[in-house]
Amino acid sequence: MSEQPLNPSPAGTPDDAAAGTAPAAPGPSAPGPTGSTAADALPLPAGPASDALFHEDDALSDEDAAARRAASFERARRLRQEPRFPGGPAADPAGSHHERRIRSFQPRRSRVTTGQQESLERLWPQWGLDIDGKRVLDLAELFGGLPVVLEIGFGMGEATAQMAADDPGTGLLAVDVHTPGQGNLLGLAEKSGSTNVRVANGDAVILLREMLAPESLDGLRVYFPDPWPKARHHKRRLIQPDFLDLVAPVLRPGAIVHCATDWEPYAEQMLEVLTAHPRFENTAADGGYAPRPAFRPLTRFEGQGLDKGHVVHDLLFARV
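These remarks concern the structure in this document.

## Topic: the sheet that holds strand β7 (residues 280–282)
Okay, step 1: Taken in spatial order, the 8 strands of this open sheet run β1-β4-β3-β2-β5-β6-β8-β7, and their pairing is mixed. Only two strands of the sheet have a single partner each, and these edge strands are β1 (128–130) and β7. Neighbouring strand axes in the sheet, compared pairwise and without regard to direction, differ in orientation by 25 degrees on average.
Okay, step 2: Bridge analysis of strand β2 (residues 148–152) against strand β5 (residues 217–223) gives 3 bridges, and the strand direction is parallel.

Shown next, in the form of structure tokens:
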């Protein structure tokens, strides 16, 4: 799917003192720190009049605080809608949808390195696209007639870049919302000379539902999606019957859905959901998990899991 709203204090506020701009000591008629005179600084006599004055000051202070909060929220809202980099991925490409829907991802706006930023600014206009739900993609034009495989969630893009380099005859449409990973993948693809990668920014559900033509994909890859391990979050897992209902129409007959996870309970759910769906058939003869195919690289994340004793399961189902 971390904002960095700026909230500078207006000139002339008490923050000037915090910044080290100490006012000069007032003389008999010199203005004090808030523009008052020394006579104004004398204590007021106790009584109803002074009480009313202090209550009025309190009310103005509350109103000022509310105004500042509203201004801060407005700045944050504008930041969420503006691209972080000119000509780069949009912060909220399908914001006009305003969908009340459970999502399987949490957008992260982590630190972007100088190299990633340079790749985004230079390569995004050529190899990037926003998932805005406003058009149907012409994949033949986008990939020069290559068969196209969709990958949902590519992390930092190392495995995607390697698969693209190993198989230049297949176009890879790689979807993620992680800005540093988008920039990293673009840079890796350029470094390896791969021109068969396109990076899509946004919600894959909107892409599947509104931006892909029927039977336009030759495969789907979902490697190590968020397992959402807590029971109350299982509804956020990506591989669900409703998701497969969106996937099936955009896949050509025989296209492979390839999933991989090192989270055993999620692997079991994937196997159950895919097996039960009438549009998919397990390619494993025993109806279980498949060996890791040679074209799927061993990722750094996967290696860390294996070092911890995790078991990685691959599932390969054909669209019927």
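Let's pick the thread back up.
## Structural notes on unusual backbone geometry
Okay, step 1: In the Ramachandran plot, F224 falls in the positive-phi region, its phi being about 55 degrees despite a non-glycine side chain.
Okay, step 2: By the secondary structure assignment, F224 is in the loop between β5 and α8 (241–250).
Okay, step 3: Relative accessible area serves as the criterion here: at 16%, F224 is assigned to the buried category.
Okay, step 4: A positive phi is found at W228, a non-glycine position, where the angle reads about 40 degrees.

## Quick word on the pairing of β2
Okay, step 1: For β2, the buried fraction is high: 5 of the 5 residues fall into the buried class.
Okay, step 2: By the alternation rule, side chains of β2 split into V148, L150 and I152 and V149 and E151, which are all buried.
Okay, step 3: With 5 bridges connecting them, β2 and strand β3 (residues 171–176) associate as parallel partners. Across the sheet, the residue bridging to V149 is L172, located in β3.
Okay, step 4: Handedness of the crossover joining β2 and β3 through helix α5 (residues 158–166) is recorded here as right-handed.

Cut-offs applied
Residues numbered from 1 in each chain as written. Predicted model: local features only at pLDDT ≥ 70, side-chain atom pairs only at ≥ 80, totals over all residues. Heavy atoms only, no water. Pairing = 2+ DSSP bridges. Helix = DSSP H or I, 4+ residues; strand = E, 2+ residues; numbered from the N terminus. Axes fitted to C-alpha atoms, helices over the stretch in contact; angles between N-to-C directions. Buried < 20%, exposed > 50% of the residue type's maximum accessible area, 1.4 Å probe, protein only. Right-handed = clockwise from strand over helix to strand, strands pointing away.

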